[in-house]
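The residues making up each chain are set out below.
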Amino acid sequence: MKKLNLLGFFLLGCFMVNAQDSTIKSSVRNVETKVDSVLALMTLEEKVGQLVQYNGSWDLTGPASEMNNKQKEDNLKAGKVGAMLNVLSVEATREAQKLVMENSRLKIPLMFGYDVIHGYTTIFPVPLAETASWDLEAMEKTAQIAALESAANGVNWTFSPMIDVSRDARWGRIMEGSGEDPYLTSKVAVAKVKGYQSDDLSNPKSIAASAKHFAGYGFGEAGRDYNTVHIGENELHNTILPPFEAAAEAGVATFMNAFNDLDGIPATGHKTLQRDILKRDWDWNGFVVSDWGSIPEMIAHGVAKDKKEAAKIALNAGSDMDMEGGAYESSLVGLVKEGEVSEDYINDAVKRVLRVKFKLGLFDDPYLYSNAELLEEISFEEHKNVARDVAKKSIVLLKNEKDLLPIKESAQKIAVIGPLADDKDTPIGNWRAQGEANSAVSLLEGLQNNISENVEISYAKGADLGVGERSFLMPLEINETDKSGFEEAINTASEADLVIMALGEDAFQTGEGRSQVNIGLAGVQQELLEEIYKVNQNIVLVLINGRPLEITWASENIPAIVEAWQLGSESGNAIADVLVGDYNPSGKLPVSFPRAVGQEPLYYNQKSTGRPSNPIHVTYSGYTDEKKDALYPFGFGLSYTDFEYEGLQLSSEEMDTDGSIQASITLKNTGDVEGKEIVQLYLRDLVASTTRAVKELKGFETVSLAPGESKTVTFEIDEKMLQFYSANRKWESEEGEFEVLIGGNSRDLQKATFSLKK
Ligand code: NOJ
């Protein structure tokens, strides 16, 4: 035993007794002292062990390692493992923890991680959908519930939130993030971290979060998963990093790095990102876990010749823990002995891991999260109510003509049609943790539960969306040919007063490795829609999907379109709440919907270019065969009432660096029903040392108004909101003129200008 000091002996004693017996709680000393004292006890082999994470083999979410379970078990007993993933349930986590606590020399408890992305058992809307609610409190609440359900099942660490800004709808993982805007994503990041972790990580109802994927993963070229990323310094700092910095400031316990390379350097081996920016500039003291196998994947990237070299690059670059890559366990000890990796770096990585374990309360009670009683306390009924509430807030009304919605009394016969209309599985989405298959309330069920008994509902599927097996691991094979159900659907529709069509994407069309070159209504769905339209034009199209879809034909022809995403366990009830008018839709798109897939990547906060389009040269910086703007822009969403924005005013046309100005606008509900509007503030820096976006979201406020009511909304603008990563390679504001743009979406905005004096 190396360097065993007195304090070390004391702490070692503490670990050997359980929490109840422990009279002197480790909370007497501060975490840093405890971490140092544990580190002082550790051999190099034990230190490296803390940097190793194993998969539990129960639920594979990546290519499995060659190691068999017996070997894993032996290594757990020998204290050569710091954390596991995909070990689920109180019993299973207890078993694994026991192997460590009863056999290893130092008895350093394991952490148990899992992809709890949008709920554990109770499934909430997929993250992109939930962001459409713009309701930060609701998003914090769902994270809190997900944490509670996870903690009650032995999991104390979620690999969430995913805060990769992403602007390419072809990328299958766009469903897992908060869309195209760094400001909105930052707000969601903070809400999620607060929800998962609470104010006190050692609270057994909260769990450690992980900000992922650091960094640039959402910018894979051509929307292909894992693909090369080319982002310059300007884009990296102004667009990609802000949500991560916000998560770090909010105290997120861990970061996960990324599979992609960034301008030639794999993120996992990226020293500037991990050591310089995250750990030094942001002064963040949690630990970085690699993505699954991303350390040895540097061999395929072509920057490491073998696992050993990959381990050296990753550790030196600041990747602290190796998720199921087998590189640290096989090589780090040797690399330190050979002087290729300094022991100081190892010590720093181990301290980071121990710090999180102390904060989680695991040293006081290694079984804190393996407590069957917690499960008894949970009211799944209450969680379902929250799921329904956030699901209805996430729905975005894209179009509502012919007064079809909310459903009128005149609609006595309703035909519900489409492959997703009675699908109880797709609303659960991908990355569903322990959400049970086929457990969602389908749209058909939701309508049956919530519509007046006098209404006659008939149902015809029309066609299958996929053929064959569906699973997390295999891409879905789409039905391109079988139209045998069309006739029944056409007959059903022709007899109805109103048709509700549920089309979109299967749960497994989005998620990891699910990029697509086509983002229209896959398979025979478009044809089904057009056939139904020939016999009945009173159609409400309900979209159930995880990414923006190309729905140009529908937007030109179908009178009402509701974006209902993959909304989780209570999907059908939430959609029915909106369709029957029990809830007036208030969601706004967190991502642009394209007119054609060829516009991707598409986002509102683009640069002007030197030749912006103008009335004479409409195709400048655009296309000759399609408009360049979005079909439905970022921030867009209708209501059953109408809102009018009037009289944007600034308190002053000049601002000092230490001052602020107020921008006010009056919002009026000019319709017939009460409604909720998300008022959005955008800013534009007109002349700067680098090119700037034509507008950037900088604030939003939710306002509820009764019919005829109006309210003045005021935003405070200060110098900090004008800062950006400038040509001086630092965050600063620059003197000059700025535009203030306020409105209900990123396209329809009122404008005023002011200047910043320095
Ligand atoms: C790979 C994914 O990229 C990551 O997000 C996930 O957390 C890990 N697999 C673990 O399942």
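Residue indices follow the written sequence of each chain, beginning from 1 at its first position. For this predicted model, a pLDDT threshold of at least 70 governs which residues receive local features, and a threshold of 80 or more governs which side-chain atom pairs are given and counted, while totals over whole chains, interfaces and linings are taken from all residues. Each side-chain value is derived from all of the structure's non-hydrogen atoms; neither hydrogens nor water enter the calculation.

Let us look at the overall build of the protein. Helix numbering and strand numbering both begin at the N terminus, where a helix is a DSSP run of H or I of at least 4 residues and a strand a DSSP run of E of at least 2. What the protein contains, in helices and strands, is 21 helices and 28 strands. Projected onto its principal axes, the C-alpha positions of the protein cover 80 × 65 × 50 Å. Only protein chains enter the calculation, and the probe is 1.4 Å; a residue is then buried if its accessible area is under 20% of its type maximum, exposed if over 50%, and partly exposed in between. When each of the 758 residues of the protein is scored for burial, the buried share is 60%. Here, two residues are considered to be in contact whenever any of their heavy atoms come within 4.5 Å of each other. Of all intrachain contacts in the protein linking residues separated by at least 6 positions in sequence, the fraction that spans at least 24 positions is 79%.

Let's shift gears to a negative patch on the surface. To count toward a patch, a residue needs a relative accessible area above 30% and no salt bridge. Like charges then connect within 9 Å, nonpolar side chains (Val, Leu, Ile, Met, Phe, Trp, Tyr) within 5 Å. Only the protein chains shown count as cover for residues, and all accessible areas are computed by the Shrake-Rupley method using a 1.4 Å probe. Whenever Lys or Arg places a side-chain nitrogen within 4 Å of a carboxyl oxygen from Asp or Glu, that contact is recorded as a salt bridge. The charged-residue count follows a simple rule in which Lys and Arg add positive charge and Asp and Glu add negative charge, with His and chain termini not counted at all. Charged side chains are reduced to one point each, which is NZ for Lys, CZ for Arg, CG for Asp and CD for Glu. Taken together, the side chains of Glu 73, Glu 91, Glu 95 and Glu 102 define an acidic patch exposed on the protein surface. No other element matches the three residues that helix α5 (residues 90–103) contributes to the negative patch. Along the chain, Glu 91 turns up in helix α5. Look at Glu 91 and you get exposed, because its relative accessible area is 54%.

With their axes 7 Å apart at the nearest point, helix α17 (residues 443–450) and helix α21 (residues 571–579) run at an angle of 55° to one another. Overall, the two elements α17 and α21 adopt an arrangement that is oblique. For the pair α17 and α21, the crossing hand works out as right-handed. Where α17 approaches α21, its residues Leu 443, Gly 446, Leu 447, Asn 449 and Asn 450 are matched on the opposing element by Gly 572, Asn 573, Ile 575, Ala 576, Asp 577 and Leu 579. By residue class, the composition of the contact of α17 with α21 is five nonpolar, five polar and one charged. Note on geometry: axes are lines fitted to C-alpha atoms, helical ones only across the stretch in contact, with angles between N-to-C directions running from 0 to 180 degrees. We call two directions roughly parallel when the angle between them is under 35 degrees, roughly antiparallel when it is over 145, roughly perpendicular when it lies between 65 and 115, and oblique otherwise. Crossings are assigned a handedness: left-handed for a near helix turned anticlockwise from the far helix by less than a right angle, right-handed for a clockwise turn. Residues are grouped as follows: Ala, Val, Leu, Ile, Met, Phe, Trp, Tyr, Cys and Pro are nonpolar; Asp, Glu, Lys and Arg are charged; every other residue, Gly included, is polar.

All right, on to the pairing of strand β27 (residues 736–743) then. Counting buried positions over the eight residues of β27 gives six, a clear majority of the element. If DSSP finds at least two bridges between two strands, the strands pair. Note: strand β22 (residues 675–685) against β27, six bridges, orientation antiparallel. Along β27, the bridge assignment pairs Arg 684 with Glu 739. Examined bridge by bridge, β27 and strand β28 (residues 749–757) share eight bridges and lie antiparallel to one another. Across the sheet, the residue bridging to Gly 736 is Leu 756, located in β28. Taking the residues between adjacent antiparallel strands as the criterion, β27 and β28 are bridged by five residues.

Below, the discussion takes up the environment of Ile 551. Mapped onto the secondary structure, Ile 551 falls in the loop between β17 (539–544) and α20 (552–557). Setting aside chain neighbours within four positions, we find Ile 551 in contact with Leu 398, Leu 543, Ile 561, Phe 593, Leu 631 and Tyr 632.

Side chains of residues three or four places apart in an α-helix project in the same direction, reflecting 3.6 residues per turn. Counting buried positions over the nine residues of α21 gives nine, a clear majority of the element. Buried residues of α21: Ser 571, Gly 572, Asn 573, Ala 574, Ile 575, Ala 576, Asp 577, Val 578 and Leu 579, and no others.

On the basis of which strands lie adjacent, the open sheet formed by three strands has the order β19-β21-β24 and antiparallel pairing. A single partner strand is all that each edge strand has here, and the edge strands are β19 (643–650) and β24 (710–718). Averaged over all pairs of adjacent strands, the angle between strand axes in this sheet comes to 20°, irrespective of strand direction. Here strand β21 (residues 660–669) runs beside β24; their pairing, made up of nine bridges, is antiparallel. When the bridges of β24 are listed, Thr 666 appears paired with Thr 712.

Using the criterion set out here, one finds 47 salt bridges in the structure. Ionic pairing is found between Glu 696 and Arg 692, a salt bridge with its closest N-O pair at 3.0 Å. Residue classification places Arg 692 among the buried residues on the basis of a relative accessible area of 11%.

What follows concerns the sheet that holds β22. Overall, mixed pairing links the five strands, which are arranged β20-β28-β27-β22-β23 in an open sheet. The sheet is open, and its two borders are formed by β20 (654–656) and β23 (696–705), each paired with just one other strand. Strand-to-strand twist of the sheet, defined as the mean angle between neighbouring strand axes without regard to direction, takes the value 25°. Across nine bridges, the pairing between β22 and β23 is antiparallel. Across the sheet, residue Lys 676 finds its bridge partner in β23, namely Ser 704.

Another aspect to go through is the packing of aromatic side chains. Here a pair means two rings of Phe, Tyr or Trp (six-membered ring of Trp) with centres within 6.5 Å. Their orientation is stacked below 30 degrees between planes, edge-to-face above 60, and tilted elsewhere. Evaluation of the coordinates by the stated rule reveals 21 aromatic pairs. The interplanar angle of 55° and the centroid separation of 4.8 Å between the aromatic rings of Phe 255 and Trp 284 together place this pair among those described as tilted. Of this pair, Phe 255 sits in strand β6 (residues 254–257) while Trp 284 is found in the loop between α10 (271–281) and β9 (287–289), placing the two residues 29 residues apart along the sequence. In this pair, the class of Phe 255 matches that of Trp 284, namely buried.

Of the consecutive residues Ser 160 and Pro 161, the connecting peptide bond is found in the cis state with omega at 10°. By secondary structure assignment, the location of Pro 161 is in the loop between β4 (157–158) and α8 (182–197). In this structure, the amide linkage connecting Glu 600 to the following residue, Pro 601, adopts the cis form with an omega of -5°. One can find Pro 601 in the loop between α21 and β19. Look at Ala 222: it is not a glycine, yet its phi comes out positive at around 65°. Judged by its relative accessible area of 37%, Ala 222 is partly exposed. Here Ala 433, not a glycine, exhibits a phi torsion of approximately 45°, which is positive. You can see Ala 433 is positioned in the loop between β12 (413–417) and α17.

Let's shift gears to the nonpolar core. Within soluble globular proteins, side chains that are nonpolar tend to cluster in buried spots. Judged by nonpolar contacts, the single largest core of 192 residues is most densely connected at Phe 255 and Leu 579. Considering each element in turn, this core owes the most residues, seven residues, to helix α14 (residues 343–359). Domain extents, as shown, originate in an automatic or database domain assignment. Two domains each put at least three residues into this core: domain 1 (2–108 + 208–368) and domain 2 (411–599). Here Leu 579 is in contact with Leu 405, Pro 406, Ile 407, Leu 443, Leu 447, Ile 500, Val 540, Val 542, Val 562 and Tyr 640, once residues within four sequence places are set aside. Leu 667, Val 703, Val 713 and Phe 715 belong to the second largest nonpolar core, which has 24 residues in total. Only buried residues count toward a nonpolar core, which is a set of Ala, Val, Leu, Ile, Met, Phe, Trp, Tyr and Cys residues joined through side-chain atoms within 4.5 Å.

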